[in-house]
Amino acid sequence: MEFKWYTYNDIGLEDGFEIRREVFCKEVGFSEEFEFSSLSGKVVDEFGNGVKDVSVMLYNIEENVTLTLCTTSAAGTWASKEYDVIAGYSYVVHYYKPGYSFSSNDFEVTAESGGTAVVPVTAFDDIAENTVCVEGDYTYTVSSEKVTITKYTGNDTRILIPSVLGGYPVVKVGYSAFENNKNIEVVNIPVGISTIDGYAFKNCSSLRKVYFPVSLNSIGSDAFRGCTSLADVTFPGALVSIGSGAFYGCIALKSIVIPDGVTSIYSEAFYGCTELESVKLPIGWTYAGDSIFKNCTKLNTITLPEGMKKLPNYAFESSNCLVSVILPSSLVEIGAGAFNNCPML
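Since the model is a prediction, treat every value here as computed from it, not as a measurement. (Residues numbered from 1 in each chain as written. Predicted model: local features only at pLDDT ≥ 70, side-chain atom pairs only at ≥ 80, totals over all residues. Heavy atoms only, no water.)

**Q** What is the right way to read the overall build of the chain from this model?
**A** Within the chain one finds one helix and 32 strands. Looking at the 345 residues of the chain, the share that counts as buried comes to 51%. Sequence separation of at least 24 residues holds for 40% of the intrachain contacts in the chain that already meet a minimum separation of 6. (Helix = DSSP H or I, 4+ residues; strand = E, 2+ residues; numbered from the N terminus. Buried < 20%, exposed > 50% of the residue type's maximum accessible area, 1.4 Å probe, protein only. Contact = heavy atoms within 4.5 Å.)

**Q** It is not clear to me how the packing of aromatic side chains should be interpreted in this structure. Could you clarify?
**A** The geometry of an aromatic ring pair is captured by the separation of the ring centres together with the interplanar angle, meaning the angle of the planes. Tallied over the full model, the rule gives 18 aromatic pairs. Ring geometry for phenylalanine 36 versus tyrosine 83: centroids 5.1 Å apart, planes at 85°, classification edge-to-face. Of this pair, phenylalanine 36 sits in strand β2 (residues 36-37) while tyrosine 83 sits in the loop between β7 (77-79) and β8 (85-86); the two residues are 47 residues apart in sequence, bridging distant segments of the chain. An angle of 20° between the planes, with centres 5.2 Å apart, marks the rings of tyrosine 152 and phenylalanine 178 as stacked. Here phenylalanine 178 lies in the loop between β18 (168-173) and β19 (186-188) and tyrosine 152 lies in strand β15 (residues 146-152), a separation of 26 residues in the sequence. For the pair tyrosine 152 and phenylalanine 178, one class covers both residues: buried. Site record: aromatic cluster; members linked through ring pairs are Tyr138, Tyr152, Phe178, Phe201, Phe212, Phe224, Phe235, Phe247, Phe270, Phe293, Phe316 and Phe339. (Phe/Tyr/Trp six-rings, centres within 6.5 Å; stacked < 30°, edge-to-face > 60°.)

**Q** Help me understand the pairing of strand β3 (residues 39-44), please; the structure alone is not making it clear to me.
**A** The two faces of the sheet receive side chains in turn, since in a regular strand these alternate between them. Pairing of β3 with strand β12 (residues 116-117) involves two bridges; the strand directions are parallel. Residue pairing for β12: serine 40 is matched across the bridge by alanine 117. One ladder, built from two bridges, connects β3 with strand β13 (residues 121-124); its direction is parallel. Along β13, the bridge assignment pairs valine 44 with threonine 122. (Pairing = 2+ DSSP bridges.)

**Q** Can you walk me through the state of the cysteines in this structure?
**A** One pass over the structure, following the stated rule, counts zero disulfides. With no disulfide of its own, cysteine 296 lies closest to cysteine 273 among cysteine sulfurs, the gap being 5.1 Å. Judged by relative accessible area, which is 0%, cysteine 296 ranks as buried. (Disulfide = S-S within 2.5 Å.)

**Q** Would you mind going over a nonpolar patch on the surface with me for this structure?
**A** A grouping of Tyr140, Val142 and Tyr168 is seen on the molecular surface, where their side chains present a nonpolar patch of about 250 Å² in accessible area. When you line up the elements, tyrosine 168 lands in strand β18. Overall, the relative accessible area of 33% leaves tyrosine 168 in the partly exposed class. (Patch = residues over 30% accessible without salt bridge, like charges linked within 9 Å, V, L, I, M, F, W, Y side chains within 5 Å. Areas by Shrake-Rupley, 256 points an atom, 1.4 Å probe, with all protein chains shown as cover. Salt bridge = Lys/Arg side-chain N within 4 Å of Asp/Glu carboxyl O.)

**Q** Would you mind going over the confidence of the model for the chain with me for this structure?
**A** In regions of low pLDDT, the predicted coordinates are not meant to be interpreted in detail. This prediction gives the chain a mean pLDDT of 84; 88% of its residues lie at or above 70. Considering only residues more than four positions removed or in separate chains, one finds that residues 1-28, a stretch of pLDDT under 50, has 59 contacts. (pLDDT = per-residue confidence, 0-100.)

**Q** Looking at this model, I keep getting lost on the environment of lysine 81. Mind explaining?
**A** Tracing the chain through its elements places lysine 81 in the loop between β7 and β8. A C-alpha to C-alpha distance of 6.8 Å links lysine 81 and threonine 68, two positions 13 residues apart in sequence.

**Q** Before we go on, may I ask you to explain the pattern of salt bridges in this structure?
**A** When the charged atoms of two side chains with opposite charge come close together, those side chains can pair. Inspection of every chain in the model, using the stated rule, returns seven salt bridges. In this structure, aspartate 260 engages lysine 280 in a salt bridge whose closest nitrogen and oxygen atoms are separated by 2.5 Å. Here the residue aspartate 260 occupies a position in the loop between β25 (255-257) and β26 (264-265), and lysine 280 occupies one in strand β27 (residues 278-280), the gap between them amounting to 20 residues. Aspartate 260 gets classed as partly exposed once you look at its relative accessible area, which sits at 35%. The partner of lysine 310 in a salt bridge is glutamate 333, with the nearest N and O atoms 3.9 Å apart. With a gap of 23 residues between them, lysine 310 in strand β30 (residues 310-311) and glutamate 333 in strand β32 (residues 333-334) connect regions that are remote in the sequence. The partly exposed category is assigned to lysine 310, whose relative accessible area is 39%. Put simply, Lys254, Glu275 and Lys298 are held in one network by salt bridges that share partners.

**Q** Help me out: how do you make sense of the sheet that holds β19 in this one?
**A** As a general point, the strands of a sheet are linked pairwise by backbone hydrogen bonds and lie either parallel or antiparallel. Spatially, β16-β19-β21-β23 is the arrangement adopted by the four strands of the open sheet, whose pairing is parallel. A strand with exactly one partner marks an edge of an open sheet, and here the two such strands are β16 (158-160) and β23 (232-233). The sheet contact formed by strand β21 (residues 209-211) and β23 spans two bridges and is parallel. Bridging across to β23, lysine 209 finds its partner in aspartate 232.

**Q** Please clarify how the environment of glycine 41 should be interpreted in this entry.
**A** Within the secondary structure layout, glycine 41 lies in strand β3. Considering only alpha carbons, one finds glycine 41 and threonine 77, 36 residues apart in sequence, at a separation of 5.8 Å. The residues contacting glycine 41, other than those within four sequence positions of it, are Gly76, Thr77, Trp78 and Val118.

Encoded structure:
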């Protein structure tokens, strides 16, 4: 499902305008068979005083929608916007303020009838997990009140990408934003970002760990190509698409679990991941490009998911340790050279 960000202006209404439930339902596309609710909370410092200007992002898990941005008051309190929250639905709550970490973050809460107050959190004047967040290190563009990061200009090794820039939510890491950066070792990508564009982290040869957000929907072509130190990735359940060459030549990757929601894996996505030993493929995988796991020389067992109709050309070519392949009953075609130079099969 496509990741979306709705504001009042997106449906042609202005802040403060009293909107009727049926109009909102019609414009946004929700069913009228639900009850509006609300979420609220408080952010305090170590002494119990309210912390103001903390951005609060609410992510609707069922609808894959990030709601209108909230901000804490001088007393540290916040509340969701009217008509944003639906009773019975689950939400991820994400707090963000440059230079602060939080006692609890990215946690799930279910909105109850009549409103739900989440447990107060404590803000600490430091940076989570020793990562650095400097807003001035980023250039960006704004379109429809949404930010795309165009370039990282800093020199830090462990970074937390801002979730808000210029007062607007960051939804995309743009093309080549970090390409050829040799300093970065750890990247923490915040909730709210749904797209990592092509070449975004290409040839970041020191990058060894990436924390993907629950909101991530798409990883673009060659996004992490040549990240030769990248050894640990955990894909979120919202992910739908992995672009061509996305992890080409990531020679430190040993194991990957691709979520069942992923439907498209494009050509050469994991080509030349020579240390890759274990792959869990998604049930929903319906489109596959050529040479996806070509030259994965330590891969030894693979199970193709039911529903897959064609194994693409050169899919496992030169994966010369491959000893077992379990094919689904739905498979009707094996592409050219799919198992070329796999002598142990």
